[in-house]
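The lines below spell out each chain.
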Amino acid sequence: MRAEAQSLMLFLLGGALLRISLGDVYLRYVKESMQPFLMASGAVLILLGIAAFVTDLRRQQHASGLPADRDLPAAAPLGDGHTQHGPRVAWLLLLPVLAIFIVAPPPLGSYAAERGAPELAEPESSNYRDLPPDDEGVDHVTLAVYEYWQRVVWDDGQSLGGRSIGLLGFVTPAEDGNGYFVNRMRIACCAADALPFSIRVVTDQPAPPTDSWVFVVGSYVPNPYAAEDGERTPAIDAEEIIPAAAPANPYG
Amino acid sequence: MSVQEGGDYRPSARARLSPTLAPETREPGSRGPRARHARPEQRREPPWRPTGIEVLGAVLVIGILGRSHFSDLLSSPAVQTWATIFTAICVQAVPFLVMGVLISASIAAFVPASFFTRALPRRPAAAVPVAGVAGALLPGCECGAVPVAGGLVRRGVAPAAALAFLLSSPAINPIVLVATAVAFPDNPEVVLARFVASLGVAVIMGWLWMRFGKGEWMRPSARPVTEGMPPWQTFWTSARHDFAHAGGFLVVGGMTAATLNVVVPRSVLDAVADSPWLSILALALLAVLLAICSEADAFVAASLSQFSLTSRLAFMVIGPTVDVKLIALQAGTFGRGFAVRFAPATFVVGIVVSVLVGTWLL
């Protein structure tokens, strides 16, 4: 691809990065801590696109007698996928640009959660401290779905006894129609390595729409549907179910 | 590092070289002033054909205008999940690519090639490990290490040491190690394992070459690939070219990871991942096929959560040393005989070392 097209590609990619990092959209893909790096990289790529474009323009003006648009010597025996003008594979950079600007991929939801997770190995040492005190002004303590899951699966829920616990997650349906699941995806590095953590909600109320977010307040109970869900699926006996807004950071 | 490295950037050297270089760097097909008079029909304008810029513009316009239509088409949950995973890997990796490209372009533009030759000990047996460790200091994507190694050989550095540098520089430089640490936040031992294994592969291959390598296997291309540009021009041009190259392959890696995560049935992945030898071999082959820049391959490796840490280590150790892009580049710089022997040997050594280090550390 020609040098000008490469520079334009870099410029667009920088713009795409800035678009998602000035705001909350980037949280669908990567962790919060990446925000300054995304902004800086976006700015650098925009600058690089412009500077490279200008540099090539100047070179064309000064290099009379040499062909205008090459950035590599013509007979380069490199054979590594370069056309005369540059690497063909660079065209693929259009894909993330288009994805961000046109498709705006959503955070991982029910499809990813229902695909299931690989079996996690029990950590060698786990020490579950007492639960923190109740949240201010209410009679429950909010836990991350992942933490609730760990305390049930690795610790048999011993630290959870008798307390009211609040869980924020998105809904996936249960096949048998008894209640539903509240889920949260947990990422180690970025959305590509996300693992789902699902908690069966024991309740008589009908299931909210799939992928909607709910705040479930309830208490620990051994999973009455363990036979269908699998032994490692915790449950929560729901007292209150409050529809919630999707949080800015969908992973937790 | 830029593909254009290979010669000296000092102006005096360029001036001496350029009269002999100029005929070789001219476009094939142009014959000089006399030809122009003899063939008047060459002055006719060639028919207009759409070039990259026009195609790009058309794609963007169609994409923006048809945006809502495309969003509907792409609204299936599977496609959206694929798109999210793909975008996540690309977004996560780009800052590291940018850092790597900026540093390697700076080295290509501002550090004279003689710096490397002066820094290495004379005896090959000692130069190999030193060159291997030196790779830790010089961030550079794989594509840049090959021309640098070619330049080193041309300047009289022992080929074995140049090879050790060739293998270690993309794999153990600080940016790659930081990226690996970020990609595996719950497993910091992976960073140490990567460092040890990659350095081990580089040094072993260097010593193997010393012992078994024959001079005629390695024929670096005779003329240096310089443009005679001032340093800042070299910087911007190298950075642009290197990022375009590396970014393209990153996208391939992102697409593959997304596809493995969404399209391939879980049962297939689990079956491959559960078998110790099959999983290592599968990821090693995947690393060869994907040709991802070393600053970014840790993120793809992290996404393959079914696979053991050792097999993912093999993915990260083998990728920077042998892949389809590198084989082509090595064949171009050092000759086909070199590539045919070097690539399979590196692959085997890479697997063995990864298994040993993985079993020990992971």
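Notes on the structure follow. (Residues numbered from 1 in each chain as written. Chains lettered and ligands numbered in written order. Predicted model: local features only at pLDDT ≥ 70, side-chain atom pairs only at ≥ 80, totals over all residues. Heavy atoms only, no water.)

The helix and strand tally for chain A stands at six helices and six strands. Ordering the α and β elements of chain A from the N terminus gives α-α-α-α-β-α-β-β-β-β-α-β. Considering only contacts within chain A whose residues lie at least 6 apart along the sequence, 66% involve residues at least 24 apart. Summed over its atoms, the accessible surface of chain A is roughly 11,300 Å², and 53% of this surface lies on carbon and sulfur atoms. (Helix = DSSP H or I, 4+ residues; strand = E, 2+ residues; numbered from the N terminus. Contact = heavy atoms within 4.5 Å. Areas by Shrake-Rupley, 256 points an atom, 1.4 Å probe, with all protein chains shown as cover.)

A count of helical and extended segments in chain B gives 18 helices and zero strands. The contacts of chain B with a sequence gap of at least 6 include a subset with a gap of at least 24, amounting to 84%. Accessible area of chain B: about 15,100 Å², with a carbon and sulfur share of 68%.

On to the packing of aromatic side chains, then. Throughout the structure, instances matching the rule amount to eleven aromatic pairs over all chains. Their ring planes at 75° and their centres at 5.0 Å tell us that B:F235 and B:W236 sit as a pair that is edge-to-face. Exposure remark for B:F235: the relative accessible area of 6% places this residue in the buried category. Residue classification places B:W236 among the buried residues on the basis of a relative accessible area of 17%. Three or more aromatic residues joined by ring pairs form one cluster here, namely A:Y146, A:W149, A:W154 and A:F197. Positioned above the aromatic ring of A:Y146 is the side chain of A:R186, whose terminal nitrogen or guanidinium carbon lies 3.9 Å from the ring centre. (Phe/Tyr/Trp six-rings, centres within 6.5 Å; stacked < 30°, edge-to-face > 60°. Buried < 20%, exposed > 50% of the residue type's maximum accessible area, 1.4 Å probe, protein only. Lys NZ or Arg CZ within 6 Å of the ring centre and 35° of its normal.)

Time to look at the state of the cysteines. All names here are of chain A. The tally for this structure, following the rule as stated, stands at zero disulfides over all chains. The cysteine C189 is free of any disulfide, with C190 supplying the nearest cysteine sulfur at 4.6 Å. On the basis of relative accessible area, C189 is assigned to the buried category, the value being 2%. Given the relative accessible area of 1%, C190 is considered buried. (Disulfide = S-S within 2.5 Å.)

The next subject is the pairing of strand β5 (residues 213-221) of chain A. Of the strand pairs in this sheet, strand β2 (residues 165-173) of chain A and β5(A) are connected by six bridges, and their pairing is antiparallel. If you follow A:F170 over to β5(A), its bridge partner there is A:W213. (Pairing = 2+ DSSP bridges.)

All names here are of chain B. In contact at an axis separation of 7 Å, helix α5 (residues 77-110) and helix α12 (residues 231-262) are set at 155° when each is read in the N-to-C sense. Considering the angle they form, α5 stands roughly antiparallel to α12. For the pair α5 and α12, the crossing hand works out as right-handed. Residue composition of the contact of α5 with α12, grouped by class: 28 nonpolar, nine polar and one charged. (Axes fitted to C-alpha atoms, helices over the stretch in contact; angles between N-to-C directions. Parallel < 35°, antiparallel > 145°, perpendicular 65-115°, else oblique. Left-handed = near helix turned anticlockwise from the far one by under 90°. Nonpolar A, V, L, I, M, F, W, Y, C, P; charged D, E, K, R; others polar.)

Tallying the contact residues gives 74 residues for chain B and 77 residues for chain A. Joining chain B to chain A, the criterion identifies one salt bridge. Measuring nitrogen to oxygen at the nearest pair gives 3.2 Å for the salt bridge that ties A:D56 to B:R240. Summed over the shared surface of chain B and chain A, the result is seven residue pairs in polar contact (both at pLDDT 80 or more). (Salt bridge = Lys/Arg side-chain N within 4 Å of Asp/Glu carboxyl O. Polar contact = N/O pair within 3.5 Å; in protein donor to acceptor, adjacent residues only side chain to side chain.)

Turning next to the packing of helix α3 (residues 94-103) of chain A against α5(B). To describe two helices that pack against each other, one gives the angle between their axes and the distance between the axes. Where α3(A) meets α5(B), the axes come as close as 10 Å, and the angle between the chain directions of the two elements is 115°. Considering how the two elements wind past one another, α3(A) and α5(B) form a crossing that is left-handed. Contact residues: α3(A) offers A:L95, A:P96, A:A99 and A:I100, while α5(B) offers B:F86, B:T87, B:C90 and B:V91. Looking at the contact of α3(A) with α5(B) residue by residue, the classes come out as seven nonpolar, one polar and no charged.

All names here are of chain A. Together, L8, F11, I50, F53, V54 and L57 line one region of the surface with nonpolar side chains, adding up to about 460 Å² of accessible area. Put simply, the parts of the chain that give the nonpolar patch at least two residues each are α1 (3-21) and α2 (35-62). Here the nonpolar patch gets four residues from one element, more than from any other, and that element is α2. By secondary structure assignment, the location of V54 is in helix α2. (Patch = residues over 30% accessible without salt bridge, like charges linked within 9 Å, V, L, I, M, F, W, Y side chains within 5 Å.)

Below, the discussion takes up the environment of B:L313. All names here are of chain B. Within the secondary structure, L313 is located in helix α16 (residues 309-318). Look at L313 and you get buried, because its relative accessible area is 0%. Taking the C-alpha atoms as reference points, L313 and L138, separated by 175 residues in sequence, lie 21 Å from one another. Sequence-distant contacts of L313, that is, excluding residues within four places in its chain, are made with A193, R194, S354, V357, G358 and L362.

To continue, consider the nonpolar core. Counting residues in hydrophobic clusters, the biggest one holds 96 residues, and the most contacted among them are A:L45, B:F243 and B:F315. With 14 residues, α5(B) is the single largest residue contributor to this core. Residues within four places of A:L45 in sequence aside, it is in contact with A:L10, A:F11, A:L13, A:G14, A:L17, B:V94, B:V98 and B:F243. (Core = buried A, V, L, I, M, F, W, Y, C linked by side-chain atoms within 4.5 Å.)

A few words on the environment of B:C293. Structurally, B:C293 is set in the loop between α14 (276-290) and α15 (297-303). Each C-alpha atom of the pair B:C293 and B:F249 lies 7.0 Å from the other, and the pair is 44 residues apart in sequence.

Turning our eyes to something else, we now look at unusual backbone geometry. Residues and elements named next belong to chain A. Notably, A104 is not glycine yet its phi reads approximately 50°, a positive angle. Structurally, the position occupied by A104 is in the loop between α3 and α4 (110-114). The phi angle at D211 is positive, at roughly 75°, despite the residue not being glycine. The partly exposed category is assigned to D211, whose relative accessible area is 36%.

As a further point, take the pattern of salt bridges. Residue and element names in this part refer to chain A. For the structure shown, the criterion picks out six salt bridges over all chains. Here R151 ties to E147 by a salt bridge, and the two come within 3.0 Å at their closest N and O atoms. With R151 and E147 both in helix α5 (residues 145-153), this residue pair falls four residues apart, about one helical turn. Classification of R151 by relative accessible area gives buried; the value is 4%. Judged by relative accessible area, which is 25%, E147 ranks as partly exposed. Bridged by salt links that share partners, the residues R200, E228 and D229 form one connected network.

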